[in-house]
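Structure assessment
Now for the letters of each chain:
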Amino acid sequence: ESGFHTNPRQQQKNLNSEWKRLEAQSFFWVMLEYLGVERPPVSIATGIITDSDNDEPINGAIASVLDSVYTTDTFESLFNQYSSIPGDLKNGFYYIENIPENGSELIVQAEGYYPDTTAFVVDTTDFTFIDVSLISSIPPNVASTSIGDDDIISPGEELVIQFSRKMNTTSVDSVLKISPEVMYNGSWNSAGDQLTITTNNFEFVTNYTLTIDSTARDNSIYGHLFDGNYDGVAGDSYVVQFATSQADIISPEISDIYPTNTQFSELWPIISATFSEHLDTSLFDDSTVELRLGSTLVPGQTVYYTVGEKSVLNFFPSVRLDPGKNYKIEFSGSISDTVGNSIGSILWRQVDKHLHPDARDRESSWKLFLWGREKTVEPQIALNIE
Ligand SMILES: [Ca+2]
Ligand SMILES: [Ca+2]
């Protein structure tokens, strides 16, 4: 076997029975080589069919060489055995054996894509690998925005527009309008399918309309016009209305401090506080969260996560705590929301020297304790404190 089950993309290929044949075929050839037997002539074309916009494998794509046809796995044909979510799993894998002698063109088609024809010469000594990238024929639209169900944006909060596919960014920038007029900065992600607009200059408690004109185009060679009304037909504008909130004059509220009581239950504890909103990460330093033994700082790592509208600060001591000593945890008073409302005063917890008798004695991993549940989440910020 050549792949790892822990690699999700690999695992989704392993579900395909011809993928197993491909691996078995390779193994068979290795044995022939070992025995000094000449490899019989090969006539197999194989590869992966993907979406050119996002490199995602395509389910139900049809690959054919003359009368030999292979349809890539779909939720209905295979993946329903492994997932209850259609579209959750995909491998885009095709495998055409016994290619007719006069076969020299691979034709690939899929619903919602332009067909593709690739000329090839079959390799009679090995697999003929041909990966195919199909171009979507579906005109672009707005897939989602960061404007919530309440249709409210807080000035200072980023306004994020996620497009359904890679855009011709200039064509969007030149026709995107916000009314009433306001100065903003727009920045694109590297893929060119997500635009982030700054809202620092937006007025409070004001109704805004954002329009993307129908002439905005995707970045494919076809340059489809915008489908702002989602009917599948290109050539109409996208319009969204939202209001801005009142000025934020409220400091972050803190909940779910751990440890909750005055005893650590572990010798490698995770110290954690949950805040009601996102924090200004530019203010983080080695005094944001402190664990002290007397006047001595305990070294460790401060880690910041955002979860929905909330945020979490964790501190992981990098040394084992001493069960016979008193510790003090301090969260800095300069911890602030993103518009400068700080919590004001140091928040602290005194931890008594008697550790819980069942204290766990192993190093903590990066786990997020939130609302009583443990999750593994990649942190946004990690600061080492020596
Ligand atoms: Ca339309
Ligand atoms: Ca606030």
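Check the entry above for the structure.
Every value quoted in this text rests on a predicted model; they were computed, and no experiment measured them.

Our focus in this paragraph is the coordination of the calcium ion (ligand 2). The calcium ion (ligand 2) binds to the protein through Asp-248 (OD), Asp-248 (OD), Ile-250 (O), Glu-277 (OE), Glu-277 (OE) and Asp-337 (OD), with metal-donor distances spanning 2.3 to 2.6 Å. Note that the calcium ion (ligand 2) binds six donor atoms; their angles at the metal cover 53 to 158 degrees, and the shape is irregular. All donors to the calcium ion (ligand 2) come from one chain, and their sequence spacing reads D-x1-I-x26-E-x59-D. Placement of the pair is Glu-277 in the loop between β18 (271-275) and β19 (289-293) and Asp-337 in the loop between β23 (327-331) and β24 (347-351), with a sequence separation of 60 residues.

As a further point, take the sheet that holds strand β15 (residues 207-212). One open sheet accounts for four strands, arranged β10-β16-β15-β12; its pairing is mixed. At either end of the open sheet lies a strand with only one pairing partner, and these are β10 (152-153) and β12 (176-179). Sheet topology places β15 next to strand β16 (residues 238-244); six bridges connect them, and they run antiparallel. Looking at the pairing, Thr-209 lines up with Gln-241 of β16.

Coordination of the calcium ion (ligand 1) by the protein is provided by Asp-227 (OD), Asn-229 (OD1), Asp-231 (OD), Val-233 (O), Asp-236 (OD) and Asp-236 (OD), with metal-donor distances spanning 2.2 to 2.7 Å. If you look at the calcium ion (ligand 1), its six donor atoms make angles of 51 to 171 degrees with each other, and the shape they trace is irregular. Read in sequence order, the donor residues for the calcium ion (ligand 1) give the motif D-x1-N-x1-D-x1-V-x2-D. Asp-231 gets classed as partly exposed once you look at its relative accessible area, which sits at 46%.

Given two aromatic rings, their pairing is described by the distance between the two centres and the angle made by the two planes. Counted according to the given criterion, the structure contains twelve aromatic pairs. Considering the side-chain rings of Phe-163 and Phe-226, the 6.0 Å spacing of their centres and the 70 degrees angle between planes classify their relative orientation as edge-to-face. Of this pair, Phe-163 sits in strand β11 (residues 159-163) while Phe-226 sits in the loop between β15 and β16, and the two are 63 residues apart along the sequence. We note that Phe-163, like Phe-226, is buried. Relative to Tyr-208, the ring of Phe-202 lies with its centre 4.7 Å away and its plane at 45 degrees, an arrangement referred to as tilted. Grouping aromatic residues by their ring pairs yields a cluster made of Trp-19, Trp-29, Phe-93, Tyr-95, Phe-127 and Phe-129.

Among the surface-exposed residues, Phe-27, Phe-28, Val-30 and Met-31 lie close enough to one another that they form a single nonpolar patch of about 400 Å² accessible area. Along the polypeptide, Phe-27 turns up in helix α2 (residues 17-35). Residue Phe-27 is classed as exposed on the basis of its relative accessible area, which comes to 56%.

Looking now at the sheet that holds β24. Spatially, the four strands line up as an open sheet ordered β20-β19-β23-β24, and their pairing is antiparallel. Among the strands making up the open sheet, the edge pair consists of β20 (296-297) and β24.

This part takes up the environment of Ser-136. Mapping Ser-136 onto the fold places it in the loop between β8 (132-134) and β9 (142-145). When its relative accessible area of 7% is taken as the criterion, Ser-136 is described as buried. For the pair formed by Ser-136 and Tyr-114, sequence separation is 22 residues and the distance between their alpha carbons is 6.4 Å. In contact with Ser-136, not counting residues within four places along its chain, are Asp-53, Gly-112, Tyr-113, Tyr-114, Arg-165 and His-224.

Moving on, we come to a negative patch on the surface. A contiguous patch of negative charge on the surface is contributed by Asp-149, Asp-150, Asp-151, Glu-157, Glu-158 and Glu-309. As for its position among the elements, Asp-149 is in the loop between β9 and β10.

The next subject is α2. Here α2 spans 27 Å end to end across 19 residues, near enough to the 27 Å set by a 1.5 Å rise per residue. Three or more residues of α2 are buried, namely Trp-19, Leu-22, Glu-23, Gln-25, Trp-29 and Leu-32. Where α2 is buried, its residues meet α1 (8-14), β1 (45-51), β4 (93-96) and β7 (128-129). Two or three places before Glu-18, at the start of α2, stands the capping residue Asn-16, its side-chain oxygen 2.7 Å from that residue's backbone nitrogen. Positive backbone phi, approximately 75 degrees, marks Gly-36, located one or two places after α2.

Rules of the game
Residues numbered from 1 in each chain as written. Chains lettered and ligands numbered in written order. Predicted model: local features only at pLDDT ≥ 70, side-chain atom pairs only at ≥ 80, totals over all residues. Heavy atoms only, no water. Donors = N, O, S within 2.8 Å, 3.2 Å for Na, K, Ca; no water. Tetrahedral: all angles 85-135°; square planar, octahedral: opposite > 155°, others 65-115°. Helix = DSSP H or I, 4+ residues; strand = E, 2+ residues; numbered from the N terminus. Pairing = 2+ DSSP bridges. Buried < 20%, exposed > 50% of the residue type's maximum accessible area, 1.4 Å probe, protein only. Phe/Tyr/Trp six-rings, centres within 6.5 Å; stacked < 30°, edge-to-face > 60°. Patch = residues over 30% accessible without salt bridge, like charges linked within 9 Å, V, L, I, M, F, W, Y side chains within 5 Å. Areas by Shrake-Rupley, 256 points an atom, 1.4 Å probe, with all protein chains shown as cover. Salt bridge = Lys/Arg side-chain N within 4 Å of Asp/Glu carboxyl O. Contact = heavy atoms within 4.5 Å. Lys, Arg positive; Asp, Glu negative; His and termini not counted. Charge placed at Lys NZ, Arg CZ, Asp CG, Glu CD. Expected span 1.5 Å × (residues − 1). Polar contact = N/O pair within 3.5 Å; in protein donor to acceptor, adjacent residues only side chain to side chain.

Distances and angles like these do not, on their own, reveal function.
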